[in-house]
Amino acid sequence: MTGFFRDGAALVCDGVPLEAIAAANATPLYVYSAATIAARYRAIDDAFAGYPHAIHYALKANSTLAIARLLHGLGSNADANSGGEIDVARRAGFSPSQIVFTGVGKTMAELGHAIDLGVRSINVESAGEIERIEALSRERKVRTRIAIRVNPDVDARTHPHISTGLKTNKFGVAIGEVRALSARTRGRPNVEVVGLHAHVGSQITTMEPLANAAAALVALARELAIDGTAIEHLDIGGGLGVSYDGAPVPDAAEYARAVLPVLRESGLAIVLEPGRQIIAPAGVLLTRVVDVKEQPGSDRVFVVMDAGMTELIRPMLYNAFHRIEPVVRTDAPLVSADIVGPLCESSDTLGKDRSVPRPQVGELYAVLDTGAYGSVMASNYNRRVLPAEVLVENGQARIIRRRQTLDDLLALEC
């Protein structure tokens, strides 16, 4: 077996006990399964086999350098959302032709950097961004490949904070304006429209929004071809959700069955930008109990951990649910617990009203499915240092990012 599973009472990662990893590296600590990352990447690649496609892993989900290098070695390309992510991709081994550059507010410096590198395409957000790319490209006497990000006004039926495809969201060009924008761009010597891009949200667990967005892109591509703009690819983004609570969710094969029939009608190659789908179930956050407090007038307890919203902000930010389990099961009686962090914020809560064996101070717990939007969104609030990260690969656990120190934190201050 690979991934996170129980060997008797103990939770292990690819066969390596998490208790041993935590003892060697302290907590809070992120641990990733290389085998799970590989299996989930290949599941997507296999699901779309037989149709021209390119997987561009969304670095925003987790851009730790060793993770990016692992995906590169598996054959992935990269989706970057900032100049920093472009540079991480380059250091991880991705060539410029393997990088698409996405983002709502790309600065002139970031655009210039992407143009100088010659990335596969820049997913543009507005008419103004096209003008800026054209001006920068004209200065450099180059022709830059762009894809227009389309806002198809499709409801992803996900949390409003991670919905990106409605007309009320800040992302992309309204679908009704794309033909006119493309017509104005066609024939310009320094920009070339090579694709259409749509990403309607994240943690999507029903196929209808994804299928509707794909259909909208295909119809739009057909209209652009009639107008005289022949594009090369359709970038259908990412967004496929994972099961945080153990309930069934669509897998990569179901996703492909939902979107490929309509995409085939276009005859165009496709770009996919999975992030969470690959990396979320491949990571856990390990944390130890520092205190157990009774809640007055209640049969519940507060279980205070050494990890909180500085290590994992998703529960506070999105009211996100993560399963939380003792790494080694015990026979202690079950209690109802609010599992909270050590920060001076009432919202610093990892999970409310959870049924767990009554914890003891020092006991090790795992917060599951935290490979995506976990370490990458960590902060130094309360002057807390960033956690270490460990990758388990071929039966060996190795540090891929050391724990930050206070000296690291203060080195930037004068």
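Parameters at a glance
- Residues numbered from 1 in each chain as written.
- Predicted model: local features only at pLDDT ≥ 70, side-chain atom pairs only at ≥ 80, totals over all residues.
- Heavy atoms only, no water.
- Salt bridge = Lys/Arg side-chain N within 4 Å of Asp/Glu carboxyl O.
- Helix = DSSP H or I, 4+ residues; strand = E, 2+ residues; numbered from the N terminus.
- Buried < 20%, exposed > 50% of the residue type's maximum accessible area, 1.4 Å probe, protein only.
- Contact = heavy atoms within 4.5 Å.
- Phe/Tyr/Trp six-rings, centres within 6.5 Å; stacked < 30°, edge-to-face > 60°.
- Axes fitted to C-alpha atoms, helices over the stretch in contact; angles between N-to-C directions.
- Parallel < 35°, antiparallel > 145°, perpendicular 65-115°, else oblique.
- Left-handed = near helix turned anticlockwise from the far one by under 90°.
- Nonpolar A, V, L, I, M, F, W, Y, C, P; charged D, E, K, R; others polar.
- Pairing = 2+ DSSP bridges.
- Right-handed = clockwise from strand over helix to strand, strands pointing away.

Draft legend 1. View of the pattern of salt bridges. Enumeration over the complete set of coordinates arrives at 23 salt bridges. For Asp 227, the salt bridge goes to Arg 179, with nearest N and O atoms at 2.7 Å. Taken together, the positions of Asp 227 in helix H8 (residues 207-227) and Arg 179 in helix H7 (residues 178-185) put the pair 48 residues apart, joining distant regions of the chain. Asp 227 gets classed as partly exposed once you look at its relative accessible area, which sits at 30%. Overall, Arg 179 belongs to the partly exposed group, its relative accessible area being 34%.

Draft legend 2. Region of the structure containing the side chain of Glu 129. Mapped onto the secondary structure, Glu 129 falls in helix H6 (residues 127-140). Overall, Glu 129 belongs to the buried group, its relative accessible area being 2%. Residues in contact with Glu 129, not counting those within four places in the same chain, are Gly 103, Val 104, Lys 106, Leu 111, Asn 123 and Val 124.

Draft legend 3. Quick look at the packing of aromatic side chains. Summed over the entire model, instances satisfying the criterion amount to 2 aromatic pairs. Ring plane angle 5° and centroid distance 6.3 Å describe the contact between Tyr 30 and Tyr 32, whose orientation is recorded as stacked. Side by side, Tyr 30 and Tyr 32 carry an identical accessibility label, which is buried. With a centroid separation of 5.6 Å and an interplanar angle of 75°, the aromatic rings of Phe 48 and Tyr 255 are classed as edge-to-face. One end of the pair, Phe 48, is in the loop between helix H2 (34-47) and strand E5 (53-58); the other, Tyr 255, is in helix H9 (residues 252-264), with 207 residues separating them in the sequence.

Draft legend 4. View of the packing of H2 against helix H3 (residues 65-74). The geometry of H2 relative to H3 is characterised by a closest axis approach of 10 Å and an angle of 45° between their N-to-C directions. Relative to H3, the element H2 lies oblique. As H2 runs across H3, the sense of the crossing is right-handed. Touching Ala 34, Ile 37, Ala 38, Tyr 41 and Arg 42 of H2 are Ile 67, Leu 70, Leu 71 and Leu 74, all from H3. When grouped by side-chain class, the residues that make up the contact of H2 with H3 number 8 nonpolar, no polar and 1 charged.

Draft legend 5. The pairing of strand E8 (residues 121-124), seen in detail. Going residue by residue along E8, you find Ser 121 and Asn 123 tucked away on one face and Ile 122 and Val 124 tucked away on the opposite face as well. Here strand E7 (residues 99-101) pairs with E8 via 2 bridges, running parallel. Residue pairing in the sheet places Val 100 in a bridge with Ser 121 of E8. Following the backbone out of E7, through helix H5 (residues 108-117) and into the adjacent parallel E8, one traces a crossover that is right-handed. Relative to strand E9 (residues 144-151), E8 is paired through 3 bridges, and the arrangement is parallel. Counterpart to Ile 122 in the pairing with E9 is Ile 146. Taking the sense of rotation as the criterion, the β-α-β connection linking E8, H6 and E9 turns out right-handed.

Interpretation note: all reported values are geometric properties and have no functional meaning in isolation.
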